[in-house]
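Single-letter residue listing:
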Amino acid sequence: MNAGALVLVVVQVAVMVVLSPLLVGVMRQVRARMEGRAGAGVLQPWRDLRKLLGKETLQADGTSWVMAAGPVVLLGSSALVCALVPLVGTTTFPLVPDDLFVVVSVLLLGTVALALVGLDAGSAFGGMGSSRHMTIAALVEPTVLVSVYALSIPVGSSALSAIVEARIADPASIASPVSLLALVALSVAVLAETGRMPVDNPSTHLELTMIHEAMVLESSGRDLAWLELGSWLRLGALLGLVGSLLVPWGIAGDVTVPALAVGVLALALKLGVIGAGLAAGEVFLAKLRLFRVPELLAGSFVLAFLAVTASYLVVQG
Amino acid sequence: MSLIGLVRLIRTTGRVAEPAPPRPDPAPGRPAALAGSVQVRHVDAGSCNGCEVEVAAAFGPVYDAERYGARLVASPRHADVVLVTGVVTHNMAEPLRRTVDATPRPRMVVAVGDCARDCGAFAGAHGVAGAVHDVVDVDLEVRGCPPEPDAIVAALRQVTGR
């Protein structure tokens, strides 16, 4: 069991490191095509990463070790999330639970590391980005917790792999009102957490409206490469989690080569479809005013709360 | 515009990017590390904004410099190319120097437009500190007043090699 779980963790992290830059490439390409552009190709994020790793890493005057450590912590926490979330298979270590509270706390670790990177250089935009980032994180984490909690009540376990296994065993539960409400709430929270439209504009050049981009303004070279890869991994893992909960088929129940191969293919397919759909949807959206964002997130929290209430009221057939 | 109107517009417009012209020869002394991916920081050192319109067009859908791997970024720390337009005014000489210093190596400085190359129409004016090469080392120049977007894209392609 332990060896199997170890193999699965290595496979999941390796696959996500390869796939998440491609996911970002697909999303940029879809957006470019809808804007009438030719697009840079899906491999462009990989080219950007390779170039950043070959560049000099500059430290602004007055920065501390946080500037170098933060990106590594973000990358590590994102890789840990990729290892914990059931993306390719549901086999887990007996002693390391893939509990939703563990996943959310690991996510928060990366969030705090990123906010510290934004603060460290002492520039106005970095501090503004960090403050906005933490505001949104504080509004998003309860929604993530409550929505997955709603999904965990019918299963009787807050382990994500147990939830996914139960959904494979009983596909009818996916279309239940509890599940749908919770998934909608979780999707809005994921969009806010990963800095997508309508909460943050990932391709903006306007410093005053930035959230994620403002925090990384002072990072360069290798540090920037880790920050970018960490954010992409986080986007991939969270979209993958939504995919695993919405369409749990193809996820390997045991660790064998054919099952893992099917799991990896299914993951690539799900991420591709969700990413392309999200990018297409973003074309039609404008960024929300910052002071409207709490309203959106409060709405998603209400949905998650209704899901929890419903899960106690609706008897699962 | 309504959602359906926007969907119809996207469908009827299709692709507006023009076919790619033949690939230019790579610039001499181009750092190999920049192949395929170039982040561009644009500095307006005192331009009349004619060149800015052309730079915006070069990154717009029709000329689409992004398809060759060039992208505008918000910070010189992220950049590989500092793209300078306009004559360098006294007030912008020091910010320009600092921007280039804040750009991690390997980096290139591209002077766009006649003003950036040799002060153009503003030569000898009282606020002018000089052309871009008087303030920082220039690796590549683009002629024209203003230069056509094609010329700007061609210069960036000489750096990306795509």
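What you see is a predicted model, and the numbers here were worked out from it, not measured in a lab.

Caption draft 1: Main features of the state of the cysteines. As enumerated under the stated definition, the model contains 0 disulfides over all chains in all. With no disulfide of its own, B:Cys115 lies 5.4 Å from the sulfur of B:Cys145, the closest cysteine sulfur.

Caption draft 2: Local environment of the pattern of salt bridges. Going through the model one piece at a time under the given rule, you end up with 14 salt bridges over all chains. Residues B:Asp80 and A:Lys51 are paired through a salt bridge, measuring 2.7 Å at the closest nitrogen-oxygen approach. A residue pair is termed interchain when its members come from two chains, as with B:Asp80 in the loop between strand 2 (70-72) and strand 3 (81-85) and A:Lys51 in helix 2 (residues 44-53). Each member of the pair, B:Asp80 as well as A:Lys51, carries the same accessibility label: buried.

Caption draft 3: Fine view of the packing of aromatic side chains. One pass over the full model with this rule turns up 1 aromatic pair over all chains. With a centroid separation of 6.4 Å and an interplanar angle of 20 degrees, the aromatic rings of A:Phe301 and A:Phe305 are classed as stacked. With A:Phe301 and A:Phe305 both in helix 11 (residues 293-313), this residue pair falls 4 residues apart, about one helical turn. For A:Phe301, a relative accessible area of 30% corresponds to the partly exposed category. The ring of B:Tyr68 is capped by B:Arg157, whose NZ or CZ atom sits 4.0 Å from the centre of that ring.

Caption draft 4: Main features of the packing of helix 2 of chain A against helix 9 (residues 221-246) of chain A. Residue and element names in this part refer to chain A. Helix 9 packs onto helix 2 with a crossing angle of 150 degrees between their chain directions and a minimal axis gap of 7 Å. In terms of orientation, helix 2 and helix 9 fall into the roughly antiparallel class. Of the residues in helix 9, those in contact with Pro 45, Leu 49, Leu 52 and Leu 53 of helix 2 are Gly 221, Arg 222, Leu 224, Ala 225, Trp 226, Glu 228, Leu 229 and Trp 232. Its residues placed into classes, the contact of helix 2 with helix 9 shows 9 nonpolar, 1 polar and 2 charged.

Conventions and cut-offs
Residues numbered from 1 in each chain as written. Chains lettered and ligands numbered in written order. Predicted model: local features only at pLDDT ≥ 70, side-chain atom pairs only at ≥ 80, totals over all residues. Heavy atoms only, no water. Disulfide = S-S within 2.5 Å. Salt bridge = Lys/Arg side-chain N within 4 Å of Asp/Glu carboxyl O. Helix = DSSP H or I, 4+ residues; strand = E, 2+ residues; numbered from the N terminus. Buried < 20%, exposed > 50% of the residue type's maximum accessible area, 1.4 Å probe, protein only. Phe/Tyr/Trp six-rings, centres within 6.5 Å; stacked < 30°, edge-to-face > 60°. Lys NZ or Arg CZ within 6 Å of the ring centre and 35° of its normal. Axes fitted to C-alpha atoms, helices over the stretch in contact; angles between N-to-C directions. Parallel < 35°, antiparallel > 145°, perpendicular 65-115°, else oblique. Contact = heavy atoms within 4.5 Å. Nonpolar A, V, L, I, M, F, W, Y, C, P; charged D, E, K, R; others polar.

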